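# Summary of structural features
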Amino acid sequence: MTITIANQELFYEEQGQGPIILLLHGWGTDGALFAPLMGLLSQKYRVIAPDFPGFGNSPEPPCPWDVDAYADLVLGLLAALGIAECALLGHSFGGRVILKLASRQLEAPKFTKLILVGAAGIKHEPSAKSTSRAKRYQLAKKYLKPFPKLMERARNHYGSPDYRAASPMMRQVLVNAVNEDLSPLLPLIQQETLLIWGRSDDQTPLADGQRMEREMPNAGLVVLENAGHYAFIERQDQFLRVMASFMKI
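Position numbers for residues start from 1 in each chain and track the written sequence from start to end. Thresholds applied to this predicted model are a pLDDT of at least 70 for local features of residues and 80 or more for the giving and counting of side-chain atom pairs; totals over whole chains, interfaces and linings are not thresholded and use all residues. Side-chain calculation: all heavy atoms of the structure are included, whereas hydrogens and water are not.

## Focus on the pattern of salt bridges
By convention in these notes, a salt bridge is any Lys or Arg side-chain nitrogen within 4 Å of a carboxyl oxygen on Asp or Glu. With the rule as written, the count across this model stands at seven salt bridges. In this structure, glutamate 180 engages lysine 100 in a salt bridge whose closest nitrogen and oxygen atoms are separated by 2.5 Å. Here the residue glutamate 180 occupies a position in the loop between α7 (168-178) and β7 (192-198), and lysine 100 occupies one in helix α3 (residues 93-103), the gap between them amounting to 80 residues. On the accessibility criterion, glutamate 180 (24% relative accessible area) is partly exposed. Partly exposed residues are those whose accessible area sits between 20% and 50% of the maximum for their type, while under 20% is buried and over 50% is exposed, using a 1.4 Å probe and protein chains only. What makes lysine 100 buried here is its relative accessible area of 9%. Note that arginine 199 and glutamate 225 form a salt bridge whose closest N and O atoms lie 2.8 Å from each other. Of this pair, arginine 199 sits in the loop between β7 and α8 (206-215) while glutamate 225 sits in the loop between β8 (219-224) and α9 (231-234), placing them 26 residues apart in sequence. Judged by its relative accessible area of 36%, glutamate 225 is partly exposed. Strands here are runs of E lasting at least two residues and helices are runs of H or I lasting at least four, both read from the DSSP assignment and numbered beginning at the N terminus.

## Concerning the packing of aromatic side chains
A pair of Phe, Tyr and Trp rings is counted when the ring centres sit within 6.5 Å of each other, with Trp represented by its six-membered ring. The angle between the planes then sorts it: under 30 degrees is stacked, over 60 is edge-to-face, the rest tilted. Scanning the model with the defined rule gives nine aromatic pairs in all. Ring plane angle 85 degrees and centroid distance 5.5 Å describe the contact between phenylalanine 52 and phenylalanine 93, whose orientation is recorded as edge-to-face. Placement of the pair is phenylalanine 52 in the loop between β4 (46-50) and α2 (67-80) and phenylalanine 93 in helix α3, with a sequence separation of 41 residues. For the residue pair phenylalanine 52 and phenylalanine 93, the accessibility class agrees, reading buried in each case.

## Regarding the sheet that holds β8
What the eight strands build is an open sheet, ordered β1-β2-β4-β3-β5-β6-β7-β8; its pairing is mixed. Strands at the two margins of the open sheet, each flanked by one partner only, are β1 (2-5) and β8. Averaged over neighbouring strand pairs, the angle between their axes works out to 25 degrees when direction is ignored. Two strands pair when backbone bridges link them, and strand β3 (residues 20-24) and strand β5 (residues 85-91) are joined in this way by four bridges, in the parallel orientation. Paired with isoleucine 21 across the bridge in β5 is alanine 87. The contact definition used throughout considers only heavy atoms, calling two residues in contact when any of these lie within 4.5 Å. Lines fitted to C-alpha atoms define the axes here, with helix axes fitted over just the stretch in contact, and angles between the N-to-C directions of these axes take values from 0 to 180 degrees. Strand contacts of α2: β1, β2 (8-15), β3, β4, β5 and β6 (110-117), with the helix running at about 115 degrees to β1, the strand carrying the most contacts. Running at roughly 155 degrees to β8, α8 makes contact with β6, β7 and β8 of the sheet. Paired strands are those between which DSSP finds at least two bridges.

## Considering the environment of proline 187
Within the fold, proline 187 resides in the loop between α7 and β7. Look past the residues within four positions of proline 187 in its chain and what remains in contact with it is Glu215 and Pro217.

## Focus on helix α10 (residues 236-246)
Of the residues making up α10, those classed as buried are Phe239, Leu240, Val242, Met243, Ala244 and Phe246. Along its buried surface, α10 packs onto α1 (35-41), β5, β6, β7, β8 and α9. Of the residues one or two after α10, lysine 248 is the one with positive phi, at around 55 degrees.

## Considerations on the packing of α2 against α3
Two numbers describe how α2 lies on α3: the axes approach to 9 Å, and their chain directions differ by 75 degrees. By the angle between their directions, the pair α2 and α3 is classed as roughly perpendicular. Residues Val67, Asp68, Tyr70, Ala71, Val74 and Leu75 of α2 form the contact with α3, whose participating residues are Phe93, Arg96, Val97, Lys100 and Leu101. Roughly parallel here means an angle under 35 degrees, roughly antiparallel means over 145, roughly perpendicular means 65 to 115, and every remaining angle is called oblique.

## Things to note about the pairing of β7
In terms of residue burial, β7 counts as a mostly covered element, since six of its seven residues are buried. Direction of pairing for β6 relative to β7: parallel, over a ladder of five bridges. Within β7, the residue paired with valine 117 across the bridge is isoleucine 196. Sheet topology note: the β7/β8 ladder contains six bridges and is parallel. The residue of β8 that forms the bridge with glycine 198 is leucine 224. Here, the term right-handed applies to a crossover whose path from the first strand over the helix to the second runs clockwise when the strands point away from the viewer. Each parallel crossover has a hand, and the one from β7 via α8 to β8 is right-handed.

## Quick word on the confidence of the model for the chain
pLDDT runs from 0 to 100 and stands for how confident the predictor is about each residue. In the predicted model, the chain carries a mean pLDDT of 89, and 85% of its residues have values of at least 70. Within the model, pLDDT remains below 50 along residues 127-137, and this stretch shows ten contacts once partners closer than five positions in the same chain are excluded.

See below:
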């Protein structure tokens, strides 16, 4: 289904009936990645999984959005669908958006439960290697800007895989997202929160989940062994059992 929120076209999928849970995907993916989870949750819940602008079937935003703009879009979607109360689940970038939403402490909509799966949002000090790469990229930009093909080669050489795969617009969105540290928001989040992490996550390390558990007042952490950033896929059966227990299915 497609809906327009403040002139932004947004695609979303929906299954089931009952209390509502919104599924927010990570960077570079879309809501379809949650298909097995939607099958489970839709036994008891009305499950809604949008494609964020710039991903899946939703067109890019008109300008380089920050995380707050994505949070505002989610609020617009809930308002358009007449939803006053729901649970939220977010993977990676979707977790960033949830941290923004939950920390705002809105009277409406009410967020009943949160599930953060390998959630992003904690900014780390860059390593010496990444600092060196960034300096070399900035130097390349200074001298290669008049030469588009050489500049693109520099981006591909020095940028992260997510950065290289993104369009020019979404590269700017990515920079906006990763440069914002959301850790000061953690103590503000009062909802019951389930944190699910792959022990071998190399994109949002387990230490991030452990910090969220310490600093969020009502959070508990489940660690999935032999799994990385996509633990909900790599350990799907175990993940679904954890979700069934938490959501009382």
